[in-house]
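Observations on the three-dimensional arrangement
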Amino acid sequence: MSRSTTSLGIFLSGLSGFVSLGLSSTNVYAQSAIPPQAAVHAESNGQAQEGEPDTVERVEVKGRAQQFYLDTKTKIGTKTDADLIDIPMSAQVLSAQLIADQAARDITDLYRSIAGVSEYSYSGVTFRGFRDEDNVFYDGVRGDPYSGFSVPDLFNVARVEVLKGPAAALYGGGEPGGMINYVTKKPTFTENKEITLTGGNYDLRGISGEATGGLTEDVAYRIGGFYEVQDSFRNNADMENIELAGGLLYDVSDNTRLTTTFDYIVQNLGGHRLRGVPVDDEGNFLVDLTYNANEESDFQDMEAFVFQTQLAHTFSDALKVNSTLRYLTNERDQAYHESRSWVDVNGDGEANIDDETIQREYRDQYRANDEVSLTTDFVYDFNAAGMEHQFLFGGDWHYMDTEYDYLRARYEADGVANLNIFTLNYGETDPSTYNLTDLDRDGIRRNRQGLYIQDMMHLTDNIIVMAGARFDRFDERDKETGTEYDDSDVTYRAGITYKPFKAMSMYANYSESFNPVDATDQADANVTALEPVSGDAIEFGVKNEWLNGSIMTTFAVYHISKENLVYSNPDYIEGVNDDTESALINFGVVESDGAEFTLVGDISNTISVTANYAYNDTIVVDGSSSNTFGAGDRFVNAPRHQAGLWTRYAIDSIDSSIAFGVNYVSEQISADAQKVKPFTVFDASWTTRWDAVLLSVNVNNLFDKEYAVSGFSERNGHFPGQPREIIAQLQYNF
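Let us look at the structure shown here.

The rules we used
- Residues numbered from 1 in each chain as written.
- Predicted model: local features only at pLDDT ≥ 70, side-chain atom pairs only at ≥ 80, totals over all residues.
- Heavy atoms only, no water.
- Patch = residues over 30% accessible without salt bridge, like charges linked within 9 Å, V, L, I, M, F, W, Y side chains within 5 Å.
- Areas by Shrake-Rupley, 256 points an atom, 1.4 Å probe, with all protein chains shown as cover.
- Salt bridge = Lys/Arg side-chain N within 4 Å of Asp/Glu carboxyl O.
- Lys, Arg positive; Asp, Glu negative; His and termini not counted.
- Charge placed at Lys NZ, Arg CZ, Asp CG, Glu CD.
- Helix = DSSP H or I, 4+ residues; strand = E, 2+ residues; numbered from the N terminus.
- Buried < 20%, exposed > 50% of the residue type's maximum accessible area, 1.4 Å probe, protein only.
- Polar contact = N/O pair within 3.5 Å; in protein donor to acceptor, adjacent residues only side chain to side chain.
- Pairing = 2+ DSSP bridges.
- Axes fitted to C-alpha atoms, helices over the stretch in contact; angles between N-to-C directions.
- Core = buried A, V, L, I, M, F, W, Y, C linked by side-chain atoms within 4.5 Å.

**Overview of a negative patch on the surface**
There is a patch of like negative charges on the surface, built from Glu303, Glu331, Asp333, Asp370, Glu403, Asp405, Asp438, Asp440, Glu480 and Asp524. Where the negative patch is concerned, the elements lending two or more residues are strand S19 (319-342) and strand S21 (387-410). Assignment of secondary structure puts Asp370 in strand S20 (residues 357-384).

The following block contains the structure:
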């Protein structure tokens, strides 16, 4: 594509000589089977990524439990420094080492390692039974540069944190299944430079790099760049990803640290937006997995810029503050052909698969986001009534202004040629000749503010109680119709942790969620205003540390209820009862019951593992078959069973390691109740080192299984899984 040449020039001019894959924020030693006694490096208890002041650069000898997959320190779920075993909720931390070992280039590569999460579409997931694509945070604040139909890359990500269950009491509006937080890479005083080349099948080629270290005693830097291209196994599709990232860390004083970062992202996707492959009701693909309804000229181009600054200050041993300001701008331009319905080609009076031909519409869309987020957290540690308290109080503000243009051409009447899905007749249609209709779409303006408090109280040495509440105020305007609405909400949560032993905790919690309705949906509702979608959950769990903290297990059971869902009104008839019935209404109740088990850590000096199993039963308990779902129906793309395993064996004598993984997802259903078959996919990797050179080879979908990751609609089929993919990386550290 011509876009590639221009983008590559931008990339090369800004890279400044540093090239590397950047799939891991760890030093090179951490990516191979180096003996534990050789692994010595600077450590800040995992919190430097959050911008905390760290006046002394501590050096520790790290054991395998922290070198590889187990990271027990996190801010997720509490916004305070906490150990996973102490917090009364289920959470996971996916380490940089796990990201590197699995050759994970975007977030979809990691879903196998997250209990209760399976792929839905694009960057959307099924999270404990509920679809979620917007509840995404970076460094604990809102502002996703990949928002929309792009999948987040991991080049600039140090680790991924996952919180299970409703999180509105701290983070505001969102789905009740959970949330994902990306901890981005930051400058460090530890010197490190690395360069990596990437290659693989489907013409995969990549080069990227990063460097970090101290400029002065008080200032550290980081600079990195990433470039990667690859063809798709789908027809008329390819991708190009470019990223430039960096920043400065300034230790203003012993008590104050300022970290400023930037991230420039370009993503050019040819032949997009990708939909699924048609199937029959039993989930069997009707055509080859290479099928794509798009023409070669279709595309989705995205450009984003993120600027973020974090200020952390310690007033005293008892009082600290951490404030993050995040600004991003995101532009997405896309044009693509969308499957609509079968065409009665054979003239038998019925349009179906026997006709082999679908009609399509063409969509030309442009969307631009400007977003600002500000989050400030105060943490106050004190003793009262003989109890230790860690008191959090803070607030956040998120502002978003979007522009949206939408033009459409429908079917042959507007010049869009039909497509025979068996005998593909690409190239018989020309978008430049289409009769495009401007749908007069615009955008929205959204403003959200929140105030929250939380107290973690140590009632005794082995009982910790957590309680919190949040007040949210939100207002939104649909710029097309002028529809405005505002509302407020208060959400609560409470939990208790009991530790009969230092290495064991039992917990229970109650939490709530809410999600404001989009202003565009409010405009469609017209007659009756829509209430925010709300939910609540009860969860019980047990956490254990084994082998002196080398392994951690979490077992959780939960019940989630979600109500006030927004669906089409079955009593609404356009042009007949517009004045008395709303096109959209709040409707139904969905309940999710499940259990999850997660194991992460080092079984021995040579074996590291992450494993998970999740059972989930998500059912519509209040619904109607005339309104999409009937009572008792299973929810869309909510598998009852999911399991993942990744285990690594280190061969220290030859500085190598081998790894093996498996991902299992049970049967699902699509939005049109078509079966999505269960699947099991195996992966493997081999890594070896020669001095400062690291070579790794990953094979995903080892046995080249043909499968669907999820279902969409009858006209668009199921989303096919990636066939066998081979990724080779050659990294040099200097």
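**Here's the deal with the side chain of Thr184**
As for its position among the elements, Thr184 is in strand S12 (residues 178-184). Taking the relative accessible area as the measure of exposure, Thr184 reaches 9% and is therefore buried. A distance of 2.7 Å separates polar atoms of two side chains, one belonging to Thr184 and the other to Asp139. Within the structure, the side chain of Thr184 is placed 2.9 Å from the side chain of Lys186, a separation counted as a polar contact.

**Focus on the pairing of strand S26 (residues 484-501)**
Pairing of strand S25 (residues 463-478) with S26 involves 15 bridges; the strand directions are antiparallel. Looking at S26, one finds that Phe474 is bridged to Asp487. The hairpin formed by S25 and S26 contains 5 residues between the paired strands, and Gly482 there has a positive phi angle of roughly 80 degrees. Both S26 and strand S27 (residues 504-515) contribute to a ladder of 7 bridges, which runs antiparallel. By the bridge assignment, Ala494 is partnered in S27 with Tyr510.

**Focus on the side chain of Lys75**
The topology assignment puts Lys75 in the loop between strand S3 (73-74) and strand S4 (82-83). A distance of 3.0 Å separates polar atoms of two side chains, one belonging to Lys75 and the other to Asp81.

**Observations regarding the sheet that holds strand S5 (residues 91-94)**
With mixed pairing, 5 strands are arranged side by side in an open sheet as S5-S11-S12-S9-S10. Every other strand in the sheet has two partners, leaving S5 and strand S10 (141-142) as the edge strands with one partner each. Inspection of the sheet shows S5 paired to strand S11 (residues 157-164) by 4 bridges, in the antiparallel sense. Looking across to S11, one finds that Gln92 is bridged to Val162.

**Concerning the sheet that holds strand S6 (residues 117-121)**
One open sheet accounts for 3 strands, arranged S6-S7-S8; its pairing is antiparallel. Strand pairing shows two members of the sheet lacking a second neighbour, S6 and strand S8 (130-132), which therefore form its edges. Neighbouring strand axes in the sheet, compared pairwise and without regard to direction, differ in orientation by 35 degrees on average.

**Focus on the nonpolar core**
Counting 51 residues, the largest nonpolar core has Leu110, Leu154, Val160, Leu163, Tyr171 and Tyr182 as its most contacted members. Val279, Val287, Leu419 and Ile421 belong to the second-largest nonpolar core, a separate cluster that totals 13 residues.

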